[in-house]
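Okay, here's what each chain looks like letter by letter:
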Amino acid sequence: MTASIGLFLLGTAASLLGGDRVSAFLPPSALPQRPSVGLPVQITRSTLAYGPRSDSDEEKDLASASPFSANDFQKQIESQIDPTCPVDDEDCLAFSSLDDQPLFFTSNTNEDPLCDPQDVDCQAFLTQRDGSDAHLAAALQSRSDSIAKERTNANWRTAHCPTTFVSVGSGDWVRRVAMHQWPLAVCGGARGGVYVMDLEAKKVVGKVEGAHSVQVEQGTNPIKANAGANMAKQAMEKLYGKLDGGGVVSVAIHGDLVASSGREGGVRLWRLVQFQELPPIANEKKQNQLKEWLGKNAKLSKLASAITKGGKKERSSEFKDLGSVPSGKLVPLGSIKGLQNTIVTSLKFDSNNLLWAACYDGTVRAYSTTGYDDSSVRFPPKKPVFQSDFTDSVLDMHLCEELKLGVCATADGSAALFNMETGQFFVGIMLFEGVAARSVMILKHKGSKGHSVLCGGADGKIHRVPLRIDPKSGRLDEENPFAVSEATETAIKPRHTGPVMCMTSPDDGIFVSGGQDGALRVWEFLDDESKAEDKDGQAVQNKDLQTKCVYALTGYKLWLSATCTDGKRLISDGGENSVIVRDFSRESGTNGKASL
């Protein structure tokens, strides 16, 4: 009967855990050796006999085989039988024996042993790989991310965006800002400083004061100085008009590599070196004692201050606060040769370790940044990887890596396309008469493979020009890239009351424009895609492309000139000595005033 119980255990466990598709076994030592209940114990004689056996031999065998008394035997039975099971219920007894035994599964399927194969709801949560728990966690995380994205998209359309200000200090004003990945951003200053900021911690993590000229300088050589000064003055007038706030012209950041340009010409490169912060002193008494001790030791105090500030000019400053020590510094890597004789108006990094520089001399150049952190590699590079000439001075630039396409805004009022794989300009479209094209970007349509060029002018207008993209290959038709005709109305309304200085996009079909009227406007594409597909002819199709201004964020200074986004937050200058951060990912219960 012992063997029958063991076989029954295997069969029952297998049936409970999914039949033939899930195999389960128990080690033989784990099977309880129980006698049958209600039946006399039988001692089976071995088939191996070495001679005749007498009745007395059998009596000896019985005596040796059953050394327990009746009471001991009854206790053994009771200890192995679940008291909640009837003594004659073998199914119950077999199942209860599984409670304290480890089960080892060698399933070749993806089913959870606790799920009925016919239970569709249960099976829906099972992973296609191993581990239903991991799949459930991933499904919950995916749903959570989806809810957060829906909330963020709704906030973008309803102007729910709590605002914070991150200051660079009282000695400078923010001019230009750029971000690669939250929370690090880089900004320029009106006094020529370059600042890297942790927007989440609300502090400056690296800075170089006076890295660039505040205004156009004459220099020591009158001939060269006059030519350079005249070119720089023309560039500043084209870029900023009568609202030139001075200082840095363009900034960019990619990881720990920072690039900046000024009105003196050229591009300077920096590397952000972050120090490991020491844990704060929790005991206030000890902190006060340390401050007092540092105050008594003047030399050490000055040394600590000099290390904190990172420069010889400020060695005389006093030690003020243990918590004011910055977490890094900007280490100069040098200037890019060949750019020192022109004003670099726009800087952009791409994912292929190229730094693209748009220049006032009408060129766009790309430089490799590979090896900037390797002392054995010559850096900065002397020669560009790509260089292309455009029809006039380039005032702004945008890169669309999905299409491998770049676009420039030029001083003659056109938007010009170039191939990022070859760096060559191949076509342009004239959008403004008598005024410069000041800002530009390429935006993907929502829910389709379509893209449009958006170009803002010095007259406050924004033009939208759809691109002709092959829906199958996703490539631009370089022979005829603009899906417009002479009769197509490309200007969108309403216009800014000042030059359109910058544009950015948090998501497909939505973008933000900033102007010297002190406002950031949020726009949305309202294209009738189904209607466009039913009609023949590209010119007719374009009439169904609609762009709507959803709302405006106001209260910025008139020298607003730069904005960027990571999809959740909108970062900009236009706030005196602070970078302005608007958070669109917050829940609706928080304060979401749209105005400053």
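Whatever comes next refers back to the structure up there.
First things first, this report covers the structure right here in the doc.

**Some remarks on the overall build of the protein**
Piece 1. A tally of regular secondary structure across the protein gives 11 helices and 30 strands.
Piece 2. Every one of the 596 residues in the protein was classed for burial, and the buried ones make up 42%.
Piece 3. Considering only intrachain contacts with a sequence separation of at least 6, the fraction spanning at least 24 residues in the protein is 56%.
Piece 4. Working note: accessible area of the protein is about 32,500 Å², and carbon and sulfur atoms make up 51% of it.

**Examining the pattern of salt bridges**
It is possible for side chains of opposite charge to pair when their charged atoms get near one another.
Piece 1. In this structure the tally under the stated criterion is 10 salt bridges.
Piece 2. For Asp-361, the salt bridge goes to Arg-365, with nearest N and O atoms at 2.8 Å.
Piece 3. In this structure Arg-365 comes out as buried when scored by relative accessible area, which is 9%.
Piece 4. Here Arg-475 and Glu-421 are joined by a salt bridge, their closest N and O atoms 3.6 Å apart. Here the residue Arg-475 occupies a position in the loop between strand E22 (462–466) and strand E23 (491–492), and Glu-421 occupies one in the loop between strand E18 (414–419) and strand E19 (425–430), the gap between them amounting to 54 residues.

**Some details on the packing of aromatic side chains**
Piece 1. Evaluated as defined, the whole model comprises eight aromatic pairs.
Piece 2. A centroid spacing of 5.5 Å and a plane angle of 40 degrees characterise the contact between Trp-356 and Phe-418, whose relative ring orientation is tilted. Placement of Trp-356 in strand E13 (residues 354–359) and of Phe-418 in strand E18 is noted, with a sequence separation of 62 residues between them. In terms of burial, Trp-356 and Phe-418 fall into one category: buried.
Piece 3. Members of the aromatic cluster, joined through ring pairs, are Trp-356, Phe-386, Phe-390, Phe-418 and Phe-425.
Piece 4. When the ring centre of Phe-525 is taken as reference, the NZ or CZ atom of Arg-464 above it lies at 3.5 Å.
Piece 5. A cation over a ring is seen here: Arg-569 above Trp-182, with NZ or CZ 3.9 Å from the ring centre.

**Regarding the side chain of Ser-452**
Piece 1. By the secondary structure assignment, Ser-452 is in strand E21 (residues 451–457).
Piece 2. Ser-452 sits in the buried class, given a relative accessible area of 0%.
Piece 3. Here Arg-464 takes part through its side chain, which lies 3.1 Å from a polar atom of the side chain of Ser-452.
Piece 4. Each residue touching Ser-452, except ones within four places of it in the same chain, is listed here: Met-441, Ile-442, Leu-443, His-445, Arg-464, Val-465, Pro-466, Leu-467 and Phe-525.

**A short note on the sheet that holds strand E11 (residues 328–335)**
Piece 1. Taken in spatial order, the four strands of this open sheet run E8-E9-E10-E11, and their pairing is antiparallel. In this open sheet, the two strands that pair with only one neighbour each are strand E8 (250–254) and E11. Going across the sheet, the axis of each strand differs from the next one's by a mean of 25 degrees, ignoring polarity.

**Here we look at a negative patch on the surface**
Piece 1. A cluster of acidic side chains, namely Asp-470, Asp-477, Glu-478 and Glu-479, defines a negative patch on the protein surface.
Piece 2. For Glu-479, a relative accessible area of 77% corresponds to the exposed category.

**Some thoughts on the pairing of strand E7 (residues 203–208)**
Piece 1. Note that strand E6 (residues 194–198) and E7 share five bridges and pair antiparallel. In the strand pairing of E7, Val-196 is matched with Gly-206.
Piece 2. Where E6 folds back onto E7 in an antiparallel hairpin, the turn is made up of four residues, including Lys-202, whose phi is positive at roughly 60 degrees.

**With respect to the pairing of strand E16 (residues 394–400)**
Piece 1. Judged by how many residues are buried, E16 sits mostly within the fold: seven of seven residues are covered.
Piece 2. As paired elements, E16 and strand E17 (residues 405–410) share six bridges and run antiparallel to each other. What sits directly across from Asp-396, in E17, is Ala-409.
Piece 3. The turn joining E16 and E17, which pair antiparallel and follow one another in sequence, is formed by four residues; a positive phi near 55 degrees is taken by Lys-404.

**Some details on the sheet that holds E16**
Piece 1. As summarised here, the arrangement of the four strands in space is E16-E17-E18-E19, forming an open sheet in which the pairing is antiparallel. Two strands in the sheet have a free side with no partner beyond their single neighbour: E16 and E19. The average angle at which neighbouring strand axes cross in this sheet is 20 degrees, direction not considered.

Cut-offs applied
- Residues numbered from 1 in each chain as written.
- Predicted model: local features only at pLDDT ≥ 70, side-chain atom pairs only at ≥ 80, totals over all residues.
- Heavy atoms only, no water.
- Helix = DSSP H or I, 4+ residues; strand = E, 2+ residues; numbered from the N terminus.
- Buried < 20%, exposed > 50% of the residue type's maximum accessible area, 1.4 Å probe, protein only.
- Contact = heavy atoms within 4.5 Å.
- Areas by Shrake-Rupley, 256 points an atom, 1.4 Å probe, with all protein chains shown as cover.
- Salt bridge = Lys/Arg side-chain N within 4 Å of Asp/Glu carboxyl O.
- Phe/Tyr/Trp six-rings, centres within 6.5 Å; stacked < 30°, edge-to-face > 60°.
- Lys NZ or Arg CZ within 6 Å of the ring centre and 35° of its normal.
- Polar contact = N/O pair within 3.5 Å; in protein donor to acceptor, adjacent residues only side chain to side chain.
- Pairing = 2+ DSSP bridges.
- Axes fitted to C-alpha atoms, helices over the stretch in contact; angles between N-to-C directions.
- Patch = residues over 30% accessible without salt bridge, like charges linked within 9 Å, V, L, I, M, F, W, Y side chains within 5 Å.
- Lys, Arg positive; Asp, Glu negative; His and termini not counted.
- Charge placed at Lys NZ, Arg CZ, Asp CG, Glu CD.

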